[in-house]
Amino acid sequence: MTTASDPLVELLRSLVNTFGISGHESRVATIFEDNLKNLCEISADKLGCSIARSQGSSNTPKIMVTAHMDEIGFFVKEVTKEGFIKFLPIGGWWGHIALGMEVVVYSRFGEFPGIVGSTPPHILEPDKRKNVIPLNEMYIDVGGTYDFDIIEKMGIRPGDPIVPVGEFKTMGNPNLFMGKAWDDRVGVAELIQIMRKVAKIAHSSTVFGVGTVQEEVGLRGARSSVFQIKPDIAFALDVTIAKDTPGTTRGAVGDRLGDGAAVLVYDSTMIPNQKLLEFVVKVAEEEDIPFYLTSLTGGYDTGNIHMEFGGIPSIVIATPARYIHSNTGIVHRKDIESVVRLLVSVIERLNRKQVRMFSK
Ligand SMILES: [Zn+2]
């Protein structure tokens with residue numbers, strides 16, 4: 001049952017309610033580091049990725065597990081003469097979702113609430129009403145008026161980050177959680193839990209849990225941190241699309257909330273190492289961990305990891321989420337638990353010899 005003192009709920013709440021669009025991940029990094037500093041050695045790369053290291057009985061293999069700390073959002077492009085904010089997207093947004101959304105603008109003077117405004121339908125041309133309004137025709141209203149200058153009074157200037165409001169909530173179905181930024185705060189929460197467990201179990205490897213930055217704008221932190229760590233094997237924890245909502249179609253197995261850990265057999269940036277894929281499936285089956293195989297048109301951190309240093313066996317383990325890349329999504333407790341169990345079981349079984357086998 002979910003109660004106020006449920007540690008998973010509290011961890012998810014703290015991560016989801018924190019702001020951190022690409023390039024502005026430091027608040028999320030602080031939560032990541034605070035949760036692990038007593039158990040792991042903490043370091044960072046120069047792009048802002050947080051690295052939690054847990055050494056087992058051997059220096060190698062070096063296992064890299066990533067979850068990206070950034071979320072999608074917007075930034076201020078310019079302030080109009082009338083005091084409205086024109087904005088640019090960070091990550092993939094669709095006009096239908098952005099319109100009317102409540103946001104917070106972070107300036108050097110503080111945090112200011114606003115809404116994504118648009119021309120009221122009453123005064124739109126009839127054929128324009130049928131179309132999706134492009135983001136560049138929208139604006140954000142933070143309360144500027146002819147006698148209140150938002151540049152002067154709020155310090156708003158180009159580059160200020162803007163984030164959707166989507167507060168964490170446990171739903172009526174107590175296994176379901178809603179909130180913004182499950183992509184990828186659910187992965188960050190899983191990574192924290194995995195690293196806590198790994199620090200307490202016997203393992204013949206060194207595990208690097210990496211909170212990466214700037215994934216949503218091109219998997220950039222994955223590239224900087226892979227050079228810092230030089231891993232022998234890599235896993236990305238991220239989200240995939242739950243296909244159990246109206247308008248989606250799925251196959252006979254998996255892709256629903258609660259179906260378990262989603263093991264990616266394909267994404268637009270990587271085809272996983274096939275021996276590693278077999279290994280992960282075997283571990284899940286032997287440990288009786290709910291999982292399913294799926295694919296996604298889109299990319300993950302491993303897209304920028306697996307091609308470095310002559311090739312690094314890599315795979316994505318994802319959590320299904322409803323309504324990703326919108327202001328509020330939904331995830332299932334059981335899937336989070338399955339991902340954590342699967343990764344810990346995989347890490348327990350990895351050693352130098354096993355990892356060498358993946359590249360033979
Ligand atoms: Zn993601």
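If you're wondering where the values come from, they're calculated on a predicted model, not measured in any experiment.

Trainee: So what exactly am I meant to see when it comes to the overall build of the protein chain here?
Mentor: Helix and strand counts for the protein chain stand at 11 helices and 17 strands. Computed over its C-alpha atoms, the radius of gyration of the protein chain comes to 21 Å, within 12% of the 21 Å expected for a compact globule of 360 residues. With respect to the principal axes defined by its C-alpha atoms, the protein chain has extents near 70 × 45 × 45 Å. Across the 360 residues of the protein chain, 51% fall into the buried class. Relative to all contacts within the protein chain whose residues are 6 or more apart in sequence, the contacts with residues 24 or more apart total 76%.

Trainee: It is not clear to me how the nonpolar core should be interpreted in this structure. Could you clarify?
Mentor: When a protein is soluble and globular, its nonpolar side chains tend to lie buried together. Counting 81 residues, the largest nonpolar core has Met64, Val65, Val188, Ala261, Ile317, Leu342 and Leu343 as its most contacted members. Among the elements that line this core, the one with the most residues is helix α6 (residues 182–198), at nine residues. In this structure, Leu343 is in contact with Val65, Ile194, Phe235 and Ile317, ignoring residues within four places of it in sequence.

Trainee: Explain the domain arrangement of the protein chain here, please?
Mentor: Interface size is commonly expressed as the accessible area that is lost once the parts come together. Entries for the protein chain in the domain assignment read domain 1 (7–71 + 180–358) and domain 2 (73–164). Placing a centre on the C-alpha atoms of domain 1 and another on those of domain 2 gives a separation of 33 Å. With 11 residues of domain 1 at the interface, the matching set in domain 2 holds 12 residues. Classifying every residue of the side of domain 1 that touches domain 2 by side-chain character gives three nonpolar, five polar and three charged.

Trainee: Looking at this structure, I do not really get the sheet that holds strand β17 (residues 329–332). What am I missing?
Mentor: Remark on secondary structure: sheet strands pair via backbone hydrogen bonds, oriented parallel or antiparallel. Spatially, three strands are ordered β10-β11-β17 in an open sheet, and the strand pairing comes out antiparallel. Two strands bound the open sheet, and with one partner strand each, they are β10 (169–170) and β17. Sheet topology note: the strand β11 (residues 176–179)/β17 ladder contains four bridges and is antiparallel. Residue pairing in the sheet places Phe177 in a bridge with Val331 of β17.

Trainee: Teacher, can you tell me more about the sheet that holds strand β13 (residues 233–241) here?
Mentor: Read from one edge of the open sheet, eight strands run β1-β2-β12-β3-β13-β16-β14-β15, paired in mixed fashion. Strands with a single pairing partner mark the edges of an open sheet, and in this sheet they are β1 (41–44) and β15 (291–296). Between one strand axis and the next, the sheet turns by 30° as a mean value, whatever way the strands run. Relative to β15, strand β14 (residues 261–267) runs parallel, the two sharing six bridges. For Ala261, the partnering residue across the bridge sits in β15 and is Phe291. Its contacts with the sheet put helix α2 (residues 26–36) on β1, β2 (50–55) and β12 (206–212), and the angle it makes with β2 is roughly 15°.

Trainee: Looking at this structure, I do not really get α6. What am I missing?
Mentor: Since there are 3.6 residues in each turn of an α-helix, residues three or four apart along the chain are aligned in direction. When the terminal C-alpha atoms of α6 are compared, their 23 Å separation across 17 residues agrees well with the 24 Å that a helix rising 1.5 Å per residue should span. Within α6, 15 of the 17 residues are buried, leaving the element largely enclosed by the surrounding structure.

Trainee: Got a minute to help me understand helix α1 (residues 7–16) in this structure?
Mentor: Of all the residues in α1, the buried ones are Leu12, Leu15 and Val16. What you see down the axis of α1 is that its buried residues fit within an arc of 90°, all on one side. Seen from the buried face of α1, the exposed residues on the opposite side, beyond 90 degrees, are Pro7 and Glu10. Looking at the buried positions of α1, the neighbouring elements they touch are α2, β11 and α6.

Trainee: Where do I start with unusual backbone geometry in this structure?
Mentor: Glycine aside, residues mostly have negative phi, and peptide bonds are mostly found in the trans state. Cis geometry marks the peptide bond from Thr60 to Pro61, where omega comes out at 0°. Examined against the element boundaries, Pro61 turns out to sit in the loop between β2 and β3 (62–68). Here Asp183 and Asp184 are connected by a cis peptide whose omega angle stands at 15°. Phi is positive for Asp255, which is not a glycine, with a value near 70°.

Trainee: Help me out: how do you make sense of the packing of α6 against helix α10 (residues 333–349) in this one?
Mentor: For any two helices packed against each other, one specifies the crossing angle of their axes together with the interaxial distance. Running from amino to carboxyl end, α6 crosses α10 at an angle of 40°, the nearest separation of the two axes being 9 Å. Between α6 and α10, the angle is such that the two are oblique. The way α6 lies across α10 gives a crossing that is right-handed. Facing α6, whose interface residues are Val186, Ala189, Glu190, Gln193, Ile194, Lys197 and Val198, α10 presents Ile336, Val339, Val340, Leu343, Val344 and Ile347. Broken down by class, the residue content of the contact of α6 with α10 amounts to 10 nonpolar, one polar and two charged.

Conventions used here
- Residues numbered from 1 in each chain as written.
- Predicted model: local features only at pLDDT ≥ 70, side-chain atom pairs only at ≥ 80, totals over all residues.
- Helix = DSSP H or I, 4+ residues; strand = E, 2+ residues; numbered from the N terminus.
- Rg over C-alpha atoms; globule rule 2.2 N^0.38 Å.
- Buried ≥ 20, exposed ≤ 12 C-beta atoms within 10 Å, placed from the backbone.
- Contact = placed C-beta atoms within 7 Å.
- Core = buried A, V, L, I, M, F, W, Y, C linked by C-beta atoms within 7 Å.
- Domains from an automatic or database assignment.
- Nonpolar A, V, L, I, M, F, W, Y, C, P; charged D, E, K, R; others polar.
- Pairing = 2+ DSSP bridges.
- Axes fitted to C-alpha atoms, helices over the stretch in contact; angles between N-to-C directions.
- Expected span 1.5 Å × (residues − 1).
- Arc of directions from axis to C-beta.
- Parallel < 35°, antiparallel > 145°, perpendicular 65-115°, else oblique.
- Left-handed = near helix turned anticlockwise from the far one by under 90°.

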